[in-house]
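# What the coordinates show
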2 protein chains.
Amino acid sequence: MKENHPLKQAYSRSAYPLVGHGKRNVQVLKDALAGVDGDLDSDMYGSGKVIEDFEARMAELLGKPAAVFFPSGTMAQQIALRIWCDERGMRRVAYHPLCHLELHEEDGLKELHGIAPVLLADRERTIGLADVEQMPEEVACLLLELPQREIGGQLPDYDELVAISAYCREKGIKLHLDGARLLEILPYYGKTAAEVCDLFDSVYMSFYKGVGGIAGAILAGDEAFAARSKVWKRRHGGDLISLYPYILSADYYYSRTAHKMAQYYEEAKELAALYNACSGVATKPSVPVSNMFHVHVRLPKEQLESILLSICENTGIGMSSYVAAAGEDASCFEVSIGDRYAGVPKDALRQAFR
Amino acid sequence: MKENHPLKQAYSRSAYPLVGHGKRNVQVLKDALAGVDGDLDSDMYGSGKVIEDFEARMAELLGKPAAVFFPSGTMAQQIALRIWCDERGMRRVAYHPLCHLELHEEDGLKELHGIAPVLLADRERTIGLADVEQMPEEVACLLLELPQREIGGQLPDYDELVAISAYCREKGIKLHLDGARLLEILPYYGKTAAEVCDLFDSVYMSFYKGVGGIAGAILAGDEAFAARSKVWKRRHGGDLISLYPYILSADYYYSRTAHKMAQYYEEAKELAALYNACSGVATKPSVPVSNMFHVHVRLPKEQLESILLSICENTGIGMSSYVAAAGEDASCFEVSIGDRYAGVPKDALRQAFR
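A brief structural summary. Everything numeric here is computed off the predicted structure, so don't read it as measured data.

Thresholds, definitions, all that
- Residues numbered from 1 in each chain as written.
- Chains lettered and ligands numbered in written order.
- Predicted model: local features only at pLDDT ≥ 70, side-chain atom pairs only at ≥ 80, totals over all residues.
- Heavy atoms only, no water.
- Axes fitted to C-alpha atoms, helices over the stretch in contact; angles between N-to-C directions.
- Helix = DSSP H or I, 4+ residues; strand = E, 2+ residues; numbered from the N terminus.
- Parallel < 35°, antiparallel > 145°, perpendicular 65-115°, else oblique.
- Contact = heavy atoms within 4.5 Å.
- Nonpolar A, V, L, I, M, F, W, Y, C, P; charged D, E, K, R; others polar.
- Salt bridge = Lys/Arg side-chain N within 4 Å of Asp/Glu carboxyl O.
- Polar contact = N/O pair within 3.5 Å; in protein donor to acceptor, adjacent residues only side chain to side chain.
- Least-squares fit on C-alpha atoms with pLDDT ≥ 70 in both.
- Expected span 1.5 Å × (residues − 1).
- Buried < 20%, exposed > 50% of the residue type's maximum accessible area, 1.4 Å probe, protein only.
- Pairing = 2+ DSSP bridges.
- Phe/Tyr/Trp six-rings, centres within 6.5 Å; stacked < 30°, edge-to-face > 60°.
- Lys NZ or Arg CZ within 6 Å of the ring centre and 35° of its normal.

We now examine the packing of helix H2 (residues 26–34) of chain B against helix H12 (residues 244–257) of chain B. Residues and elements named next belong to chain B. In the contact formed by H2 and H12, the axes pass within 9 Å of each other and the chain directions differ by 80°. By the angle class used here, H2 and H12 are roughly perpendicular. For the pair H2 and H12, the contacting residues are Val28, Leu29, Asp31, Ala32 and Leu33 in the first and Pro245, Leu248, Ser249, Tyr252 and Tyr253 in the second. When grouped by side-chain class, the residues that make up the contact of H2 with H12 number eight nonpolar, one polar and one charged.

It is common to report an interface's size as the accessible area lost on association of the parts. Taken together, the contacts link 49 residues of chain A with 49 residues of chain B. Across the contact surface, chain A and chain B share zero salt bridges. At the junction of chain A with chain B, the criterion picks out 31 residue pairs in polar contact (both at pLDDT 80 or more). Of all the secondary-structure elements, those providing two or more residues to the side of chain A that touches chain B are helix H2 (26–34), helix H4 (73–88), helix H6 (108–113), helix H11 (223–236) and helix H12 (244–257) of chain A. For the side of chain A that touches chain B, the leading source of residues is H2 of chain A, giving seven residues. Each residue belonging to the side of chain A that touches chain B can be placed in one class, and the counts come to 24 nonpolar, 13 polar and twelve charged.

Superposing chain A onto chain B takes a rotation of 180° plus a shift of 0.0 Å along the axis, which leaves an RMSD of 0.0 Å. Put plainly, the chains are arranged around a two-fold axis. Taking C-alpha positions as the reference, the residue of chain A nearest the rotation axis is Leu112 of chain A, at 2.5 Å. Counting the interface residues of chain A, we find that 100% of their copies in chain B are interface residues as well, pointing to one common contact surface.

Residues and elements named next belong to chain A. Given a rise of 1.5 Å per residue, 14 residues ought to cover 20 Å, and the 19 Å separating the end C-alpha atoms of H12 matches this to within 8%. With ten of its 14 residues buried, H12 lies for the most part within the structure. Every buried residue of H12 is accounted for by Tyr244, Pro245, Tyr246, Ile247, Leu248, Ser249, Ala250, Tyr253, Tyr254 and Thr257.

Let us now look at the pairing of strand E13 (residues 331–336) of chain B. Residue and element names in this part refer to chain B. For E13, the buried fraction is high: five of the six residues fall into the buried class. Pairing of strand E10 (residues 292–297) with E13, which is carried by six bridges, proceeds in the antiparallel orientation. Among the inter-strand pairings, Val295 is bridged to a residue of E13, identified as Phe333. Note that strand E12 (residues 324–325) and E13 share two bridges and pair antiparallel. The partner of Ala325 across the bridge, within E13, is Ser331. Between E12 and E13, which follow one another and run antiparallel, lie five residues, and Gly327 among them has a positive phi close to 80°.

On inspection of all chains with the given rule, the structure shows 23 aromatic pairs over all chains. Both rings, one in Phe69 of chain B and one in Phe207 of chain B, keep their centres 6.0 Å apart while their planes meet at 15°; by these two values the pair is stacked. Taken together, the residues Phe69 of chain B in strand E2 (residues 66–70) and Phe207 of chain B in the loop between strand E7 (202–206) and strand E8 (217–221) connect sequence positions 138 residues apart. Under the relative-accessibility criterion, Phe207 of chain B is labelled buried at 0%. One aromatic cluster in this structure is built from Tyr158, Tyr188, Tyr189 and Tyr265 of chain A. Taking the ring centre of Tyr208 of chain A as reference, the NZ or CZ of Lys209 of chain A above it sits at 3.9 Å. The cationic tip of Lys233 of chain A hangs over the ring face of Phe70 of chain A; the distance from NZ or CZ to the ring centre is 5.4 Å.

As structure tokens, this is what we get:
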């Protein structure tokens, strides 16, 4: 879909967009900085109070001895896998076929690190214990993405996670968590972040999904892992002289949204039910397990775009800024609930779903 | 030197620090954002007005068809060398032994890209045509750093540059410019940025040295080079959803300092002369060719630290925040002139150098 597609424009202008926290504009950074003292010193190449304090806070949240702030999850995760591969002396890892590293990183893991992936499970479901047990080759590390974003944010049962973790420990396979949306799954599991992370050797978490920050990621693990990740951060060109614009905004928005994840989760279930009540529409998962889900519609892309555009113009409700084709006669879009949803008048919502 | 070294503390509190533009604190970002409309949309993974406009402006400045904004020079330069190596089918480049890639990047070029360097010239001088002609092995690319920072910011004669460029073109060796401090050398050469860059196939420039921004870099070259650099930027984890905090500040400080490089250069010559008039003190180069130089003193590190501390406390003049040992009986520090120098009262300066 082009930059100037009518649906994107209409969504952007709509009174009540349903997805996310708000517009991604400069005000997001201005708001985060408004309460910060201008005299606060910049971090300097990974050192200094502003970065060290935040890393310590995130290490505590995640229940790990150390945490390192990265400009991106792409960088953090490749590095985590590289460290575990070097430790095992084996350039092979396992992950889901719709893993971020497989789809969205231009094969950085292969091109920069020479690491080959073994793909587990398939496009319909998450990785289970049986997939891990039946892996055709040895791997240094298994990456689990919770929730599995590209299939609507599905999650394995918690017992399955525990069993996979126990199996990996027994076999000497390191377990890495792609927790880009870690906070978003805690209400469904009924666990703390530290409890979930305790099943994993290393954890990545993002600050611009449910948290609502500008960019940036944290990578957590033991002290030796963290120290090695800083060397690789320098090698990747991610050890910037100043990362504070991302750190301060991550801190600010974390403080504002981390405690609202249960609300976003309940709202996601409410909105998914509205979609599922429509003919020819089904959400994946049918009942969300986080703040996100995908909406699948038995209509061609162009037709669904027209309908969403019309709803947007007639009711002020922006359901999605885009539609993706899913074969010839079906289409879909992603929904992630943030601060916007709570402000949508129920009347307008009911009218849009009539 | 530890974080809390008395000299660093005294320099930080001094009335008249001589080096740089000002403190690296959050106010630097706040100032850059103050005049920016909060409604301005974020860039999105390398697209959008805020990044594309700035890239176009920098491409024009550098006289290249295309420019790509990067979070760091470390990332930009490894990528430039990788592209030229891939094009030639040869993982070997040439650069100075005190090149940033050799000293400050934890061997990212070797570890991530498998590229081996051939080291030209030595710790006392810049690379000349003879070094290039006598290279023992073929290389895909030659990197020249102008000015050569680790030896005080020395420069080759412009004619030598022209000859190296002509030789490289004849031999099919790509020429890459580490122009972290490109603007800073233009007054000495009496050339425009585009004229200097015309000698090179690719160019990197930084925004937090003489420019005074927060972080970030530009990489410029032809359209195909730029397109490939974006793929590698994604692979490195540098294609952030939002780079605007760095872009907006680069833009803001570029507009405020780019036209002052001749002033900084003149001031550097003035200050270097003051140092050279002191017994046992010599600057490198003896007459600066940019806004920077190194001060070498025939005193052990600890003794020079005490002297600088005493000058700082007695006159308010902060000459340096640190001293590095240069063997047992000598020491040195780096000076880069920015906005601060012009504000230093001549009386205080004379008193400090008495």
